Amino acid sequence: MKTELLVTGISELVTAEGAAARHGRSMSELKIVKNAAMAISGGRVDWVGARGEWEGEAEATLDLGGVAVLPGLVDPHTHAVWAGDRLGDFEARVAGATYEEILLAGGGIRSTVRATAAATLEELVRLANPRVEALLRSGATTIEVKSGYGFAIAAEVAMLEAIAALAVESKARIVATVLIHLPPADAAERPRYVEQVCGELIPEVARRGLATAVDVFVEREAWSVVEAEQMLVCAKKHRLAVKLHSDQFHSIGGVELGVRVGALSVDHLEAAGEAQIAAIAASETVATILPGVSLHLGIPAAPGRKLIDAGAAVAVGTDLNPGSSPLFSCAAALGLAVRMNGLTAQEGIVAGTLNAACALGLSDRGRLEAGCLADFVVLRGADWRELVYVLGANAVREVWVGGRRVVG
Ligand SMILES: [Zn+2]
């Protein structure tokens, strides 16, 4: 049988191999095929190898002209749907205001919640579209988007409906997650909210297929380990995957909980200590780090190097959101992880492709091997390292999703 398209003129084709997340030292094992070709049919990769080894027939051939090709990047952590802005907060914070002062002045996350609740579905999609487009142009072919600015069951469902509408419009593949973000301000309301999440929100999400995972923010100022465990166990009963935002400011047991419940990933980890690093390294849970937050808020960078040296599977996301990470480039997130979290360039690529796909429970992407989705990026240059080297410009010339060029 003929392949539909043979892509040639690939100076270097760079990919991780195998469907399982790469842990520790194996994160630096990239397959690099020089003068490569890739055969594509039906939106999937048929064959990858050196150009000279291709013996099949192709209906069409495309010569890229001698540039590097990598798997489409996977952004495993964004909050790309929001309304309003946090420019006033940014200005105040740069001028020295504290988080509490900004909240008291009516800013902070509660202002995003108010603006998001007041927006229509159409407005939310219109606002989110260019953000997702920016991530796509930076190389992200799969983008996770969380709810979490609803803070009421109906508003969370409305956010998930906006994410579903965004998924229909976007050329990127969108993966939706329900985020149980901050608890009600009145502590007495907390048990009832947990009950509503377990009794109403999670069953509705599962029934309507509005998300594939439930994420809970575990932190002193957010949910406790006990509350989070109730919600995550409920999610698993409804056959949804689970994830956590944890150890961003304090280690209160979120990593340990994530490992115990078999979370796909625990995200943030800026405050993770030796015990947390050891716990996640000994598990199958992916450690997702978010360098944009460290850059924007000036908080310590997550211990990426230590996590990998301990044997963890590390992924990198943008955490695109208005308050703590206005980072609209998946490639830049990888470039920051190399500079701020101590990853090597090789580890950065694995963290942004295969391991990021595993952080979403997806085994058909994040690598370019026979049978995988034909989602890939074409760089402007011949050397793959430009993807993590370039800052402030785009090293990506073309983006392909399902064997079709959608950017470039
Ligand atoms: Zn987040």
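Residues numbered from 1 in each chain as written. Predicted model: local features only at pLDDT ≥ 70, side-chain atom pairs only at ≥ 80, totals over all residues. Heavy atoms only, no water.

Enquirer: How should I be thinking about the sheet that holds strand β6 (residues 140–146) in this particular structure?
Expert: Within a sheet, neighbouring strands are paired by backbone hydrogen bonds and run either parallel or antiparallel to one another. With parallel pairing, 8 strands are arranged side by side in an open sheet as β5-β6-β7-β8-β9-β10-β11-β12. With partners counted over all chains shown, the strands left at the sheet margins are β5 (73–75) and β12 (314–316), one partner each. Pairs of neighbouring strands in the sheet enclose a mean axial angle of 25°, with direction left out of account. One ladder, built from 6 bridges, connects strand β8 (residues 213–218) with strand β9 (residues 241–246); its direction is parallel. In the strand pairing of β9, D215 is matched with K243. The sheet contacts of helix α12 (residues 330–340) involve β5, β6 and β12, and relative to β5 the element is tilted by about 85°. (Pairing = 2+ DSSP bridges. Helix = DSSP H or I, 4+ residues; strand = E, 2+ residues; numbered from the N terminus. Axes fitted to C-alpha atoms, helices over the stretch in contact; angles between N-to-C directions. Contact = heavy atoms within 4.5 Å.)

Enquirer: When you look at the nonpolar core in this model, what are you seeing that I'm missing?
Expert: For soluble globular proteins, the rule of thumb is that nonpolar side chains tend to be buried together. Counting 115 residues, the largest nonpolar core has V81, I180, V214, V216, L307, V314 and L387 as the members making the most contacts within it. With sequence-adjacent residues up to four places away left out, L387 is seen in contact with L70, L73, A331, L334, I349, L379, A395 and V396. Among the nonpolar cores identified, the runner-up in size contains 18 residues, and M38, V48, A374 and W400 belong to it. (Core = buried A, V, L, I, M, F, W, Y, C linked by side-chain atoms within 4.5 Å. Buried < 20%, exposed > 50% of the residue type's maximum accessible area, 1.4 Å probe, protein only.)

Enquirer: It is not clear to me how the coordination of the zinc ion should be interpreted in this structure. Could you clarify?
Expert: Four donors placed tetrahedrally about a metal ideally form angles of 109.5 degrees, and six donors placed octahedrally ideally form angles of 90 or 180 degrees. Those protein atoms acting as donors to the zinc ion are H77 (NE2), H79 (NE2), H245 (NE2) and D319 (OD), and they sit at 2.1 to 2.6 Å. Note that the zinc ion binds 4 donor atoms; their angles at the metal cover 80 to 170°, and the shape is irregular. Taken in chain order, the donor set of the zinc ion reads H-x1-H-x165-H-x73-D. Taken as a pair, H245 in strand β9 and D319 in the loop between β12 and α12 lie far apart in primary sequence, 74 residues in all. D319 matches H245 in its accessibility class, with the two residues each being buried. (Donors = N, O, S within 2.8 Å, 3.2 Å for Na, K, Ca; no water. Tetrahedral: all angles 85-135°; square planar, octahedral: opposite > 155°, others 65-115°.)

Enquirer: It is not clear to me how the pairing of strand β13 (residues 376–379) should be interpreted in this structure. Could you clarify?
Expert: Regular strands place side chains that alternate from one sheet face to the opposite one. Burial along β13 is two-sided: the residues F376 and V378 and V377 and L379 are all buried. The sheet contact formed by strand β4 (residues 58–71) and β13 spans 3 bridges and is antiparallel. Bridge pairing links P71 to F376 in β13. Summarising the sheet, β13 and strand β14 (residues 396–401) pair through 4 bridges and their orientation is antiparallel.

Everything listed here is a matter of coordinates, which is why it stays silent on function.
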